[in-house]
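Each chain, letter by letter, is given below.
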Amino acid sequence: MEKGVKVKEINLERGSPTVEVALRNFVNELSTAKRIGFKALVLVHGYGSSGTGGAIKAAVREKLKERSLSGIIKSYVGGEEWYTRKREFTESCSQLKDYSPYIDGNRGVTVILLK
């Protein structure tokens, strides 16, 4: 990890994986990021072509609710709610301010704070 870098962007859409593969990649990336010392993740999962939300997004949001991740994840917020919770997240990890214009209102991303 570059010295001083606290945020990692993870693109779960790359390569058009199945939901199962995307979830496995997410859990692996999450564990690695925590071990290396990142403070936050900007997770790109897409919003889906149907306009109602993509399968990867739905699966990731469900996975984030699992107790098994409670020791790793402090909090998370979707891009659609970023504006109302931005201060909380940027106070925990100031480097998220650099991503804010990209996150704000973007229903295809989720921001995660790590413990």
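Quick note: structure is the one above.
Residues numbered from 1 in each chain as written. Predicted model: local features only at pLDDT ≥ 70, side-chain atom pairs only at ≥ 80, totals over all residues. Heavy atoms only, no water.

In this section: the overall build of the protein chain. Summing up its helical and strand segments, the protein chain has 4 helices and 4 strands in all. Along its sequence from the N terminus, the protein chain presents helices and strands in the succession β-α-β-α-β-α-α-β. In summary, the protein chain has a C-alpha radius of gyration of 13 Å against a globular reference of 13 Å for 115 residues, a match within 12%. Overall, the C-alpha framework of the protein chain stretches about 35 × 30 × 25 Å when taken along its three principal axes. (Helix = DSSP H or I, 4+ residues; strand = E, 2+ residues; numbered from the N terminus. Rg over C-alpha atoms; globule rule 2.2 N^0.38 Å.)

Time to look at the sheet that holds strand 4 (residues 109–114). Note on sheets: strands pair through backbone hydrogen bonds, and any given pair is parallel or antiparallel. With mixed pairing, 4 strands are arranged side by side in an open sheet as 1-2-4-3. Unpaired on one side and paired on the other, strand 1 (7–11) and strand 3 (73–78) mark the two borders of the sheet. Between one strand and the next, the sheet's axes are offset by a mean angle of 20°, whatever the strand orientation. The sheet contact formed by strand 1 and strand 2 (residues 40–44) spans 5 bridges and is parallel. Bridge pairing links Lys8 to Leu41 in strand 2. Contacting strand 1, strand 2, strand 3 and strand 4, helix 1 (residues 19–36) crosses the sheet at an angle of about 35° to strand 4. Sitting on the sheet, helix 3 (residues 82–92) touches strand 3 and strand 4, and the angle it makes with strand 3 is about 150°. (Pairing = 2+ DSSP bridges. Axes fitted to C-alpha atoms, helices over the stretch in contact; angles between N-to-C directions. Contact = heavy atoms within 4.5 Å.)

Counted according to the given criterion, the structure contains 6 salt bridges. Glu88 is the partner of Arg85 in a salt bridge, and the nearest nitrogen-oxygen pair spans 3.0 Å. Taken together, the residues span about one helical turn, with Arg85 and Glu88 both in helix 3 at a distance of 3 residues. With relative accessibility at 24%, the residue Arg85 sits in the partly exposed group. Since its relative accessible area comes to 38%, Glu88 is described here as partly exposed. Among the charged side chains, a salt-bridge network with shared partners connects Lys57, Arg61 and Glu80. (Salt bridge = Lys/Arg side-chain N within 4 Å of Asp/Glu carboxyl O. Buried < 20%, exposed > 50% of the residue type's maximum accessible area, 1.4 Å probe, protein only.)

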